[in-house]
Amino acid sequence: IIADYNSQLQKRQSGSNTWSPAGLNGKKVRYLTTLPNGDIFAISGTGLSTASCTTRIHRSTDNGATWEDVFSKVFPFNNIVGGAMTVKQDGSLFAALPVFKGPTLGDYAWSFTYQSTDGGNSWIAQDSTQVGEPRGLIPVGENKVLVGTTADGVYFKIPTQNFWFPIDTVPHFFGSRYTVDLIKSGEGTIFYTEGAKVRRSTDSGISTQILTTPSPSSVINAICAGSDNELYIATDDKKLYKSSTMGNTWELMRTGLPNAANVYSLKLIDGKLFAGTFAYGVYYYEQDIIGIGNENNFVSDFKLNQNYPNPFNPNTKISFSIPKSQFVSLKIFDMMGREVESLMNENKDAGNYNVNFDASAIAGGVYFYKIQTQEFSETKKMILVK
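To start, this report covers the structure provided alongside it. (Residues numbered from 1 in each chain as written. Predicted model: local features only at pLDDT ≥ 70, side-chain atom pairs only at ≥ 80, totals over all residues. Heavy atoms only, no water.)

This next bit is on the pairing of strand β9 (residues 93–100). One face of the sheet, then the other: side chains in a regular strand alternate in exactly this way. With eight of eight residues buried, β9 lies mostly within the body of the structure. Going residue by residue along β9, you find Leu 93, Ala 95, Leu 97 and Val 99 tucked away on one face and Phe 94, Ala 96, Pro 98 and Phe 100 tucked away on the opposite face as well. Summarising the sheet, strand β8 (residues 84–87) and β9 pair through four bridges and their orientation is antiparallel. Its bridge partner lying in β9, Ala 84 is registered against Ala 96. Once β8 ends, the chain turns through five residues before running back antiparallel as β9, passing Gly 91 with a positive phi of about 90°. Judged from the eight bridges that link them, β9 and strand β10 (residues 109–116) form a sheet pairing that is antiparallel. Each bridged residue has a counterpart across the sheet, and for Leu 97 the counterpart in β10 is Phe 112. (Buried < 20%, exposed > 50% of the residue type's maximum accessible area, 1.4 Å probe, protein only. Helix = DSSP H or I, 4+ residues; strand = E, 2+ residues; numbered from the N terminus. Pairing = 2+ DSSP bridges.)

The following block contains the structure:
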């Protein structure tokens, strides 16, 4: 499903080249996403600088066949576009809506945030961020939420305080840290942009590092991550780069793209990297991916990664590494410590492994997955949303 900003949604079945209407006729959709439970949410707005502009959140529970309005609010003089939504660790929904604070067109944009604890049926206002439009919204840690902004980098909010705080206290000029996107890798590493910079955090945003990029004076238009070691950026000098080292080193990826094409969107879907360009259409890169099984790269230590996606419904991937051949047990447990499923219980060679967990047959809630070998044991938490 795609959003046509000036008319309605369009949808296409897999394997077909024909697009057909998918509802919300006449709505200017600002943001479109599918949540882990399969529900589709769209954020729309009037899109005109008038005294009465309505922002709405729409929901579809049948793959876009029908839609219902679950949120509606008038924000005067609001022709701004965008938005963001995520699922927090406790299963509640969190949305950020961009709003001009008018009445003069072009006045500073704020991000008004709302939370829903009933699947989107009702929404409760949270504190707003007064530093631009939302650019990415992700949950980290114990129900902490991070939001990227167009005026001042990344801010965070914790459940006990209805207020947003900057992720760092580095001195800067207001408006100098434009964030185009805020993302999280499969293992939980956070990456986000600040103009021509990329920042990385491996501790849920407590501390960040500035990465050296190949085009240090060019604004980053798009960023995308798969695993920790799979990061892509597109820069405003018409370049696209890949890093297999968490952003420490980069390689150019221009082959197959028109020389004049500027990439403004990157997305990994089923092992393919898709690049949306300005005026040149969409291209994809078929990369070598690892399915369920062993990746025969050198492994120096034991490691159990955070499952991805998380929260999830009903499938998620659990990856781990073992440095030498030995017996491996990988099991799922509920909150009472009862075994739910055994995913692996056999001898494995040294390497990196990806295992799919299908939770279709169990109820939603908090679960734990544990790896056990002769020399290593670790447990991590995951959330099934249904």
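That was the structure; now back to the text.
The subject of this paragraph is the environment of Ile 2. Its location among the elements puts Ile 2 in strand β1 (residues 2–3). On the basis of relative accessible area, Ile 2 is assigned to the partly exposed category, the value being 41%. When the C-alpha atoms of Ile 2 and Leu 32 are compared, they prove to be 7.8 Å apart, with 30 residues separating the residues in sequence. Those residues in contact with Ile 2 that lie beyond four places of it in its chain are Gln 8, Leu 9, Gln 10, Trp 19 and Leu 32. (Contact = heavy atoms within 4.5 Å.)

Moving on: the sheet that holds strand β21 (residues 231–235). If you trace the four strands from one edge of the open sheet to the other, you get β20-β21-β22-β23, paired in antiparallel fashion. One side of each edge strand has no neighbouring strand; the edge strands of this open sheet are β20 (220–225) and β23 (251–252). Sheet analysis places strand β22 (residues 239–243) next to β23, joined by two bridges and oriented antiparallel. Note on β23: the bridge partner recorded for Lys 242 is Glu 251.

Backbone-to-backbone hydrogen bonds pair the strands of a sheet. The strands run either parallel or antiparallel. As summarised here, the arrangement of the three strands in space is β24-β25-β26, forming an open sheet in which the pairing is antiparallel. The open sheet has two free edges, formed respectively by β24 (263–269) and β26 (282–286), since each of these has just one partner strand. Averaged over all pairs of adjacent strands, the angle between their axes in this sheet comes to 20°, without regard to strand direction. (Axes fitted to C-alpha atoms, helices over the stretch in contact; angles between N-to-C directions.)

Evaluated as defined, the whole model comprises eleven salt bridges. For the salt bridge of Glu 133 with Arg 135, the shortest nitrogen-to-oxygen distance reads 3.2 Å. Connected through shared salt-bridge partners, Asp 152, Arg 177, Glu 194 and Arg 199 make up one network. (Salt bridge = Lys/Arg side-chain N within 4 Å of Asp/Glu carboxyl O.)

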